[in-house]
Amino acid sequence: GVGGGGGGGGGRRGSMVDRSQDEHLQAQYFPQDPTAEAFPAHSTDPKVTASVEVPLRVEVERRKRLFSNQDISKLLEAEGVTKEHLAEALAPDVILPLSVMDDKDLEPRTWAEWLEVGMTDGEFKFLPARAFSVEQGSWRPCKVYERNHVEDSYEGAWADGGGKVTLPRIGVMFLGEDPFIFARRVANALQVRRNTHQGLMYNLFIDSMPVEGVPMLAPEQLNRIMSLALNTNRVRHKSIDTTGIIDELNFEYSRTMNRVVFDKELESGQQNEMMKGIVAPPLMAVSSRSDSELDVPPHDWAQQYCLFNFNSFLTKGELILCIVKTKAENQRILGMSLFAPHPTKTTKPDEFEHMESQAIVAAAAYLKDTWLTSLKNSLRNGLKDVGKGWFNLNETKREVYDISKLKKFMTMINFMMQDTLRALTEESMESYSSFICGAVAYDVEIEDIGKVKNTRLGESKLKWPLFKLELILNADGTVDIGSNSVPIPFEKFVEMPLALFDKALASVSDIPQLEPMVVDQIFWSSKPILASVHQEEPGAKECRERMKRALEEALVPMRQYIERFEEFREILNVVPEEYVSSFLTEGINADSIRKKLTSLMDLKAGVEDRIPIFMQVGPFELSLDSIRTALQQRYQNLTNLFLSEVAVRTKHICDELNKRTEQSLKRLKASNDDLEGVSSLEDFLGELPEVVGELDADIKKTLASFELLDEYRFDYTKEDTKRRWATYGLTLKVSQAADYAVNVIKSDKERFEVEMLEQQEEFGSEISSITLIVNNFSKYSDITKVKEIGENVQSINEKLKEYVSRSQLFNSREIALGRSTTDYNSPPFELSKVQKNFEPYSNFWLAAAEYTSCQATWMDGKFNELDPESVDRIAQNCFRVVFKSTKLFDGKLEDLHATAVKLKDEMEDFRQYIPLVQALRQPGMRDRHWEALTETLGFELKPDDTFTLRKGLEELKLADQMDPIVKICDVAGKEFAIEQALDKMVNDWKGTELSVKEYRDTGTYVIGGWDEIFQLLDDNIVMTQAMTFSPYKKVFQERLDDWERGLKLCSDILEQWLACQRNWMYLEPIFASDDIQKQLPTESKRFQTVDRNWRKFTAEAFKNPAPLQLCSSERMLNTFMECNKLLDMVAKGLSDYLETKRGGFARFYFLSNDELLEILSQTRDPLAVQAHLRKCFEAIDKLDFQGEGAGMTMVAMNSAEKEKATFESPVPVKGNVENWLSAVEAMMKRSVKMIAKQAADDYTKNPGGRKQWVQEWQGQLVLAGSQHYWSIEMEEAMNTGGNDGLKVYYQKMLAQLQELVEIVRSNPPFLISMTLGALMVIDVHARDVTQKMCDDGVDNINDFSWVSQLRYYWEDQEDLTGLGTPGFIVRQVQAFFPYGMEYLGNTPRLVITPLTDRCYITLTGAMNLLLGGGPPGPPPPPARV
């Protein structure tokens, strides 16, 4: 704890002591100014740890007094430090600053603690101290205000004046620290400085001694050193250039010899002037003692030895060896990283995430498996022979183990592993966060879409943008960033790197401790884990926050850049057809369209100039090709659509012009049957000049449209060409027809004028006759003859209409002939007056006839046949006419007026009974309503066929009871509406049936037509629920409840039925197989239970497909629910079964569930697997089977090209399919290796040479063998003849290529042609490589030009399990891999380019680092338009 005031009753006394002591110190501190600023309360308190013997406050006071009485200068002199020494070491420009030699472990307080003791009223004032003044060469009082953490210096001011000063920590002694320790601290720093100076001078003299002439290591010594250094297989087979290492060894040896000579010269004491003061550093000094004995004080050696053995576990060599091995394994771990090596190129976000995830998983797997297993094995193997005792690995009792040395040893191992794990995690997360922050740190200036300035703000190994993205165009015209055509939210670029960071920390958070694995005979209730870096630790949080800030800042320019594309949203959102149509709303204007097309083409060209294909925006490389192409296509499409629309509209205009012209010609050439036709033709001729003018203007516009299309080279059809020239001559045709029509009009007018005069004379006589009849019509007033009068009125009305029409026709003809028109409404005809005079009689007698006829039917006809709406309408209409007639006849025609009044009174009497008719003829009247009326009226009322309205009014007096009758009948109407709705729903279901169809050849059915059924159910349920809220529902309550219950039950059953059908149709063909039934007996029984119920219910549905009748049982609903549960269990069991099969043969993961089930369902037929071999193996298309039944074997494999490769030995078809397919996989690799060995041996032994050899072996082995011999022959050529040897071998390669050409020209078989095609690609590439090496002067097999090639060797291959050694080894640079022996068939090869070589190097290097790679690589950028 820090020094401070005491507690309890001694507090007051302590404060008085403190104050007096501080006043004493302040008087010493400020001798010139006793009234100066007071010290902070505890600034002079020394740091004291609480003790049981002495109270804390007392100890603080004691030490404060002791320290205040010390003189730092004297204490330093006692340590041998003078002021001159300090002045030299603390000088500003000194070469070896004393602060560098300071021992920070002697610091009594942290700076935060110093700040705390310097507080006054919650605010830091200063710290009193003494500091060494270089200028005065003495220790002066000073005030310290601030610390510079970077330079570890202090900002302060001299207490006795002199201004501000910067002081090193080693030159400042606070009044609150121990002066004795500070003096030792300064003395130690000065001693370290002296030793450092002497060591530098010593090494300077040695490095300045010449090494020429000094003996070097003998060749035997060098060979022995190199053989020991390269004693592992992995290092031995690598082509390592050891020249630099040997030079370094010789230099160090020569320097060591010089040091020996120099040390002897120092020991002789005969140094020259330059060497005076030079001494060997303590660790390098040569001892002058003649023996190695040391003075040891007397002690009991046996007791000390036993005590040491009891307390230490470092008494056995096995434990020390285990510790060494543990440190070696831990050191290997420290060279790893939880993350992938930082990419040196731009990657897609998903590739980056995949790469980092794989690295995290691989690192975690290595730690959990390889590291723990290696440590466990080394500890158990190292301690297995120790036996019982302190290190008994087989201890079973926990209490014995807890007090054993093995427990302490395992605790130490655990701490070592935890330190290693934390160091690995901290280094990984710091490296990852630094990489991310550096990779995204850019200053981005966006001038335009095609002008973005990117300035990197920090150092980063990644010289290119971090992420490769593309601009994705949405349907609404907006743009998003994404990858592989999938949009990626901006937040993803922050979340994804942080998620990888969290994933890495989480991956090492559950690594178990080694102790339960080593001491495995003891029961461990829980498995402890190694402590690692937690996500909430300050370091992890700081790295995470730093990355988050950097990523969020990097996204700001990208958002701003994306907003720049908002200007194109309008054109991208345009519907081309609507855009063109709106522009052409007013028709085709060639000039405006030409301007528009020019504008569109200019905009298209502007897009190409303004928008680049790729653009870097900070850490993002953005592909703009999609929107660039979309905009160009949009402008081009609009241009094409404009031209197409102009062509279509021009075609239609041409057709319309031709149609108009044909109509005009037809009209001009038509014959006239009457004078109206002549007038019409004459009118048409008068309008013809205007028509021709419009036609001519339209023709000119049309021809201008054709010229526009010609200008843009639009390809229109031959028919359009014919239309164009046909339209050109339309005006001439019309002019010729007009001349003909003028002559026709003249002759027709003369003929029709004579005919008209004869007809007019006859028409005048007819008008006189009808006038006489109308004038005498007032004499009719007998209502009993209403029927005959009505018929007469109807006849006269028809004649008057005809006469009006004929008068108008005569007038029009007179006008056409140029004669004066006859006025038929003036004397002597006065036709309009006749019509007006007859109208009152017509209206009255027609209404009277209609009412009289209907009233008899209403009163005496069958009441049950009356239509109340018709009764009301006719009665009201007739009454209005008769009422108006009484007004007209009053005072003029008394007899007729009296008849009208009488009829009006009869009508008024009848109208009061209309509500009664409407009520009793209500269609909703039922027996209950008639019974209610009977009870209310007091007599029985239920109309039958004998009942009439007259009877009800005269005998039953129903008019007197009209109010109660209307009320009861109104209720009947409301109830009838509900009844009608229910009946309609019931009728809707009539004829509605499920579509029941036979399902394959299963003997059962499946159901269809679900959508219509469910729609009808939903509509009916909603309507029924609405009716349940009606106040008139009581009569139908039970029916409504039953109907609603039935609908809901039917809906539930059909939903369960549909779910069951989906699963049943998927599983039925699977469990129809006997093999599947045997392999999954439990699931098969469950499915059979479902199948029985399914067949039962579908059979019922086939017999009765009506949904409501079929689905009316709760038992059916429960059964289907149980069936669905069983089907879910069956599906899960089937999925588990397939996963088991895939675990037995991993290549089954390449097959879908259906394909795998097809194989498993035919396990008794091994040939069934043939169809799926191509998905399981790279090139095996078919297998050759021999024998039958239990003795069936597989003897060879065939590729799709019909190439055959015989197995090393037959593979029996035994056990499950996954077992014998695994045997096929193993045999495939052994057979390929066997054939490869045979082919390689035959290369040098074949009597026909290489020319014959390439025709006798499989294509894959020809390529591998050729590459193998090219590799070894190239190295032999360089080893024997250097570059000249390569040139000789180059000529041999040309001859070999010529041999292949000769074979090709001889028309070889298909398989040999395929082999030669691939081989020539390889040989041409090898020829080019050899030629380049010859030109570059390569003469050493260690030259990079050679080691960077993909080379094949026949060597040991320890990494390929199950194939033994030797085998093909593929090498490139430092990477090497065993040849996988997967059969590849006989397939062609693509040409090998320099880019291909670089891809090979990249991929093999990545694989050697336990990373992955995508052989296809990224897609190429689209071609520039």
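Residues numbered from 1 in each chain as written. Predicted model: local features only at pLDDT ≥ 70, side-chain atom pairs only at ≥ 80, totals over all residues. Heavy atoms only, no water.

Brief notes about the overall build of the protein chain
Per the secondary structure count, the protein chain includes 46 helices and 22 strands. For the protein chain, the C-alpha radius of gyration of 57 Å lies well beyond 35 Å, the compact-globule estimate for 1425 residues. Considering only C-alpha atoms, the protein chain reaches an extent of 175 × 115 × 80 Å along its principal axes. Out of the 1425 residues belonging to the protein chain, those deemed buried represent 42%. Expressed as a percentage of contacts within the protein chain between residues at least 6 apart in sequence, the contacts between residues at least 24 apart total 68%. About 77,800 Å² of surface is accessible on the protein chain, with carbon and sulfur atoms providing 52% of the total. Averaging the positions of the 167 positive and the 218 negative side-chain charges in the protein chain gives two centres separated by 3 Å. (Helix = DSSP H or I, 4+ residues; strand = E, 2+ residues; numbered from the N terminus. Rg over C-alpha atoms; globule rule 2.2 N^0.38 Å. Buried < 20%, exposed > 50% of the residue type's maximum accessible area, 1.4 Å probe, protein only. Contact = heavy atoms within 4.5 Å. Areas by Shrake-Rupley, 256 points an atom, 1.4 Å probe, with all protein chains shown as cover. Lys, Arg positive; Asp, Glu negative; His and termini not counted. Charge placed at Lys NZ, Arg CZ, Asp CG, Glu CD.)

Thoughts on unusual backbone geometry
Its identity as a non-glycine residue notwithstanding, Asn1307 has a phi of 55°, on the positive side. Mapped onto the fold, Asn1307 is located in the loop between α43 (1259-1305) and α44 (1310-1336). Residue classification places Asn1307 among the exposed residues on the basis of a relative accessible area of 69%. Positive phi, close to 60°, is recorded for Met1381, a residue that is not glycine. Tracing the backbone shows Met1381 in the loop between β22 (1375-1378) and α46 (1394-1408).

Let's talk about helix α33 (residues 1010-1027)
Taking 1.5 Å of rise per residue, the 18 residues of α33 would be expected to cover 26 Å, and the 26 Å separating its terminal C-alpha atoms lies within 8% of that figure. Residues Trp1010, Ile1013, Phe1014, Leu1016, Leu1017, Asn1020, Ile1021, Thr1024 and Met1027 constitute the buried set of α33. For α33, the angular spread of buried residues about the axis comes to 160°, placing them on one side. Among the exposed residues of α33, those oriented more than 90 degrees off its buried face are Asp1011, Glu1012 and Val1022. Contact partners of the buried residues in α33: α32 (962-989), β16 (1005-1008), α34 (1037-1071) and α37 (1107-1110). (Expected span 1.5 Å × (residues − 1). Arc of directions from axis to C-beta.)

Topic: a negative patch on the surface
A cluster of acidic residues, Asp1018, Asp1019, Asp1052, Glu1055 and Glu1114, forms a negative patch at the surface. The class of Glu1055 is partly exposed, set by a relative accessible area of 45%. (Patch = residues over 30% accessible without salt bridge, like charges linked within 9 Å, V, L, I, M, F, W, Y side chains within 5 Å. Salt bridge = Lys/Arg side-chain N within 4 Å of Asp/Glu carboxyl O.)

Here's the deal with the sheet that holds strand β11 (residues 479-483)
Overall, mixed pairing links the 5 strands, which are arranged β12-β11-β10-β14-β13 in an open sheet. The sheet is open, and its two borders are formed by β12 (486-487) and β13 (614-617), each paired with just one other strand. With respect to the sheet, helix α15 (residues 490-507) is in contact with β10 (467-473), β11 and β14 (620-623), its orientation differing from that of β10 by roughly 155°. Docked against the sheet, helix α17 (residues 538-563) engages β10, β11, β13 and β14, running at close to 20° with respect to β14. (Pairing = 2+ DSSP bridges. Axes fitted to C-alpha atoms, helices over the stretch in contact; angles between N-to-C directions.)

Points about the packing of helix α26 (residues 831-860) against helix α28 (residues 894-911)
Two elements in contact, α26 and α28, have axes separated by 11 Å at closest approach and are oriented at 35°. Crossing of α26 against α28: the hand is left-handed. From α26, Tyr841, Phe844, Trp845, Ala848, Tyr851, Trp858 and Met859 reach across to α28, where they touch Leu896, Thr899, Ala900, Leu903, Glu906, Met907 and Phe910. (Left-handed = near helix turned anticlockwise from the far one by under 90°.)

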